[in-house]
Amino acid sequence: MSFGVVPGSSNQALHVWPNHVPATRIGGGYRWRVAPRRREGSWSAGLSSSSFRTRAAVDERGFVTAKGSFYELLGISEGGSYDEIKKAYKQLARKYHPDVSPPDRTEEYTRRFIEVQEAYETLSDPGRRALYDRDLTRGLHLAFSTRKRFDEELEDRSGWRDCWQDQISELKRRSMNKDVGENLSWGAQMRRQRAESSIE
Amino acid sequence: MALALPAFFFPSQKPSLLSSHWLGGADLHSYQHQYRLLKTRKKPCVGASLSERGEYHSQRPPTPLLDTINFPIHMKNLSIKELKQLADELRSDIIFHVSETGGHLGSSLGVVELTVALHHAFNAPQDKILWDVGHQSYPHKILTGRRDKMPTLRQKNGLSGFTKRSESEYDSFGAGHSSTSISAALGMAVGRDLKGRKNNVIAVIGDGAMTAGQAYEAMNNAGYLDSDMIVILNDNNQVSLPTANLDGPIPPVGALSSALSRLQSSRPLRELREVAKGVTKQIGGSMHELAAKVDEYARGMISGSGSTLFEELGLYYIGPVDGHNMDDLVTILKEVKSTKTTGPVFIHVVTEKGRGYPYAERAADKYHGVAKFDPASGKQFKSSTKTQSYTKYFAEALIAEAEVDKDIVAIHAAMGGGTGLNYFVRRFPARCFDVGIAEQHAVTFAAGLACEGLKPFCAIYSSFLQRAYDQVIHDVDLQKLPVRFAMDRAGLVGADGPTHCGSFDVTYMACLPNMVVMAPSDEAELFHMVATAAAIDDRPSCFRYPRGNGVGVPLPAGNKGVPLEVGKGRILIEGERVALLGYGAAVQACLAAASLVQQHGLKVTVADARFCKPLDRALVRSLVKSHEVLITVEEGSIGGFGSHVAQFMALDGLLDGTTKWRPMVLPDGYIDHGSPADQLEEAGLTPYHIAATVFSILGQTREALEIMS
């Protein structure tokens, strides 16, 4: 199984998890299915750049994943309503469901099914759809990169800790210099009074 | 690897409902976790009652650690690992208790870690913790000595569903309406400063409550006064109630939510920060000040309008923080607590509503408010009734009116489900406006719409409209703009208690010079009054209806009511000696009282006033002329319908004769939460009370006592 993501350098290997059968991502939360094993090194390097163009990707077995947006995959217009998305998804899900796929093309159909699934999940959630549309206009086709989205969010979250740790240090630093000088705020005056009265 | 099997090996299930997502919920902070996920792993939340296969038990879940905690002081020496276990046990305890009593589930589940961290880091009750709205305070109540009373939640003489000062010293401020916490916290902080004390003051407010103006008024003042306090924004991206409409999740209303979301993507800032750090390293150590300045400006530039909004108001912004990570929360709270002279600090915590209970996480409304339910399946026990709620009837009536009149628009304040306007928005998506929790703005917004020739219907609960009273007077009534107010939850409301009780709306609406004030006595009347309101186009009008279901009268054809003649009531039963003149839902109690009285051989007249303003004077005159006693009955406070009748009678000379007039109104006090029947009993407005009043005025005290026993 490969994903339609090509990191910046064209020498990077694409990643295949041939025996892995992915489950699906649920809902709007940050919970995940079992993550596939990954090759060391190259994936994370490619991920940390914040934008890269993706077009068609050819994996080692020669399957071509679709290029283009979720809208094209579902066959609806970019302004499609929730009902249209749902209908398109249901049709395609029924078509590509592994149980009903022709036996020689199970792998491809399964992958298509996952893609359709992801398209539906992104487009049916208005918040995520808004983000996706925004990325689309910026020319980022982060297609079928469920893995990448997960890692992005992971990065975001790990970035949060750095951020607030810095903020706390800054708060401590500021509190040293607070309450000095003229034009004290009301709170500063009260703090000063309290400090003076506790010294006495 | 058994748990990794996806849905399409079980073709009968729809893939999107597969509950394998319980494998997630892992700490997202390191890539190494992904490898661990390959092994079978129990979901870290709700450990206590969650079996290996993710089932919930309907019996009381085992909570060994929680059993040792009666008050926050017992939590002081727990390690982070124990705090996490405590949070899990607390979660299962909440699910268990709310399943038995009903209540607000999703919000409480979202703040479990935050509550545990707060009580661990701070010393309540000396340190004041204020919960905005208070419906998320169930974990707080459990941890502050009220766990054994949880089975009485929202029942008569039991725990309130919100924070209440008279209930416990740990509840610093009573709440029920939103967005008051920061104001109250600032008051407590300033009071502490004036008294020379040293405790901490913390306000916890949600992103929904942040859409109200009062929150900004408070932050503006807090930034100016610079008193030490902490504001925690509990951001779960749910701004309106329910968090979805009938067809699925809806994006939050308002521009603020997207600003808050932008704050959560820290990547560009981090990159810039890395660059800046590299640069300062090269420049040299003494450039520390400069680097800090760069940091400050960078934050302002990169984070966009989000954090600078709070910073400009004078609050120090920290965040975003993962609200389900105990480590992070405890660290931050302890650090902020230990820093002296901070001024106001704003901590942006990101949580998930309903977290830890998969049915809630998946539900469109995140199980915000639930009836009793079965924890194992998530199914709520809703009794089936023959009639629908007044709310639903109102929505149907409005839809029917809007079908024929394209100028009709509807406005609500973050209460699409509670007002029934979710039905309206499904039918007319462009004609329904959710303004967020901003009733004052909603009213003036409606006034503006009316200026342009539209016909706005403001659907705001009776008690929530109190907040917008000046706008009703100054913007609507004074200028005589035809805004229609549909006041749901009028009268006593049951389990939500006095904060949500709509007892004052007759009083405060009927004293306004230009307002038409009416109340339906049953659902058919409601349909007609919606039509009447739609037809009144030269002045403002309002109508009130209670919480609860209809009585079962036939509905008008096609849900389309017929406008009533303004200022005309009706007589329902012709009798003698005593006339019961009811207003609104009280008419039903009058009818029941009449049948009670009938059993003792007296047939009384029952009339439905329909309009409080303009009053049906002819009806009142005729009732006074032909009866010895006139009793006016309403489910409202003093100064309402009865007072208007008395005023008219006095001015008309009707009190100068032999007729007696007696009012029956809500008592002069706040009625605590309980079942609607209990509350009515305490108010003295049950049919029994009315019947007993009839007899006691007539001097037939024996019959009065018989009825009341």
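Residue positions are given per chain, counting from 1 as you read along its sequence in written order. Both sets of labels track the order of writing: A upward for chains, 1 upward for ligands. Side-chain atom pairs in this predicted model are given and counted only at pLDDT of 80 or more, local residue features only at pLDDT of at least 70, and totals for whole chains, interfaces and linings cover all residues. As a rule here, side-chain values come from all non-hydrogen atoms in the structure, and water together with hydrogens is ignored.

In the annotation of an unreviewed UniProt entry, the entry for chain B reads 1-deoxy-D-xylulose-5-phosphate synthase, and the organism field reads Phoenix dactylifera. UniProt positions are given in the numbering used here, feature names are shortened, and annotations may be inferred rather than shown by experiment. Under Sequence similarities (unreviewed entry), UniProt gives the following word-for-word description of chain B: "Belongs to the transketolase family. DXPS subfamily."

Naming follows an unreviewed UniProt entry, where chain A appears as Chaperone protein dnaJ 20, chloroplastic-like of Phoenix dactylifera.

Asks: Looking at this model, I keep getting lost on the overall build of chain A. Mind explaining?
Replies: The number of helices and strands found in chain A is seven helices and zero strands. Residue burial is assigned from relative accessible area. The probe radius is 1.4 Å, only protein chains are included, and a residue is buried under 20% of its type maximum, exposed over 50%, and partly exposed in between. When each of the 200 residues of chain A is scored for burial, the buried share is 52%. Note on definitions: a residue-residue contact is assigned when non-hydrogen atoms from the two residues lie within 4.5 Å. Across chain A, the fraction of contacts at a sequence separation of at least 24, relative to all contacts at a separation of at least 6, is 62%. For chain A, the computed accessible surface area is about 9,800 Å², with 49% contributed by carbon and sulfur atoms. Where helices and strands are cited, they refer to DSSP runs of H or I of at least four residues and of E of at least two residues respectively, numbered from the N terminus. The protein chains shown are the only cover counted for residues, whose accessible areas, like all others here, come from Shrake-Rupley with a 1.4 Å probe.

Asks: Can you help me understand the UniProt feature "domain: Transketolase-like pyrimidine-binding" (unreviewed entry) in chain B in this one?
Replies: Here, UniProt's "domain: Transketolase-like pyrimidine-binding" (unreviewed entry) annotation points to residues 388-553 of chain B. Taken end to end, residues 388-553 of chain B comprises 40% helix and 14% strand; its first and last C-alpha atoms sit 11 Å apart.

Asks: I tried to follow the sheet that holds strand β7 (residues 344-350) of chain B on my own but got confused; where do I start?
Replies: Pairing between sheet strands relies on hydrogen bonds along the backbone, with the strands arranged either parallel or antiparallel. Residue and element names in this part refer to chain B. Think of it this way: DSSP has to see at least two bridges between two strands before they count as a pair. Pairing is parallel across the open sheet formed by five strands, whose spatial order is β1-β2-β3-β7-β6. Sheet topology places β1 (128-131) and β6 (316-322) at the edges, where each strand pairs with a single neighbour. Each neighbouring strand pair of the sheet contributes to a mean axis angle of 20°, computed without reference to strand direction. Note: strand β3 (residues 229-235) against β7, seven bridges, orientation parallel. Bridging across to β7, D235 finds its partner in V350. To obtain each axis, a line is fitted to C-alpha atoms, and for helices this fit is confined to the stretch in contact; angles are then taken between N-to-C directions over 0 to 180 degrees. Against the sheet, helix α12 (residues 326-338) touches β3, β6 and β7, its axis set at about 160° to β6.

Asks: Help me understand the environment of V629(B), please; the structure alone is not making it clear to me.
Replies: Residue and element names in this part refer to chain B. Structurally, V629 is set in strand β18 (residues 627-633). Residue classification places V629 among the buried positions, given a relative accessible area of 2%. C-alpha separation for the pair V629 and T658, spaced 29 residues apart in sequence, amounts to 8.9 Å. The residues touching V629, leaving out its near neighbours within four places in the chain, are R577, V578, A579, T659, K660, I697 and L698.

Asks: I'm lost on the nonpolar core in this one. Help?
Replies: A general feature of soluble globular proteins is that nonpolar side chains tend to end up buried together. Formed by 55 residues in total, the largest nonpolar core has its most connected members in L86(B), L105(B), V116(B), L118(B), I232(B), V336(B) and I347(B). For this core, the element with the highest residue contribution is helix α2 (residues 80-101) of chain B, accounting for seven residues. When near neighbours in sequence (up to four residues on either side) are disregarded, V336(B) contacts I168(A), L171(A), I230(B), I318(B), T342(B), V345(B) and I347(B). In plain words, nonpolar cores are sets of buried Ala, Val, Leu, Ile, Met, Phe, Trp, Tyr and Cys residues tied together by side-chain atoms within 4.5 Å. Counting residues in hydrophobic clusters, the runner-up holds 50 residues, among them L581(B), Y583(B), L615(B) and L630(B).

Asks: Just checking my understanding: could you explain the sheet that holds strand β10 (residues 455-459) of chain B for this structure?
Replies: Residue and element names in this part refer to chain B. If you trace the seven strands from one edge of the open sheet to the other, you get β9-β8-β10-β11-β13-β12-β17, paired in mixed fashion. Two strands bound the open sheet, and with one partner strand each, they are β9 (432-434) and β17 (611-613). Within this sheet the neighbouring strands show an average axis-to-axis angle of 20°, counted without direction. Bridge analysis of strand β8 (residues 408-412) against β10 gives four bridges, and the strand direction is parallel. Among the inter-strand pairings, V409 is bridged to a residue of β10, identified as P456. Of the strands in this sheet, β8, β10, β11 (484-487) and β13 (541-544) are in contact with helix α14 (residues 390-404), which crosses β8 at around 150°. Sitting on the sheet, helix α16 (residues 439-451) touches β8, β9, β10 and β11, and the angle it makes with β10 is about 165°.

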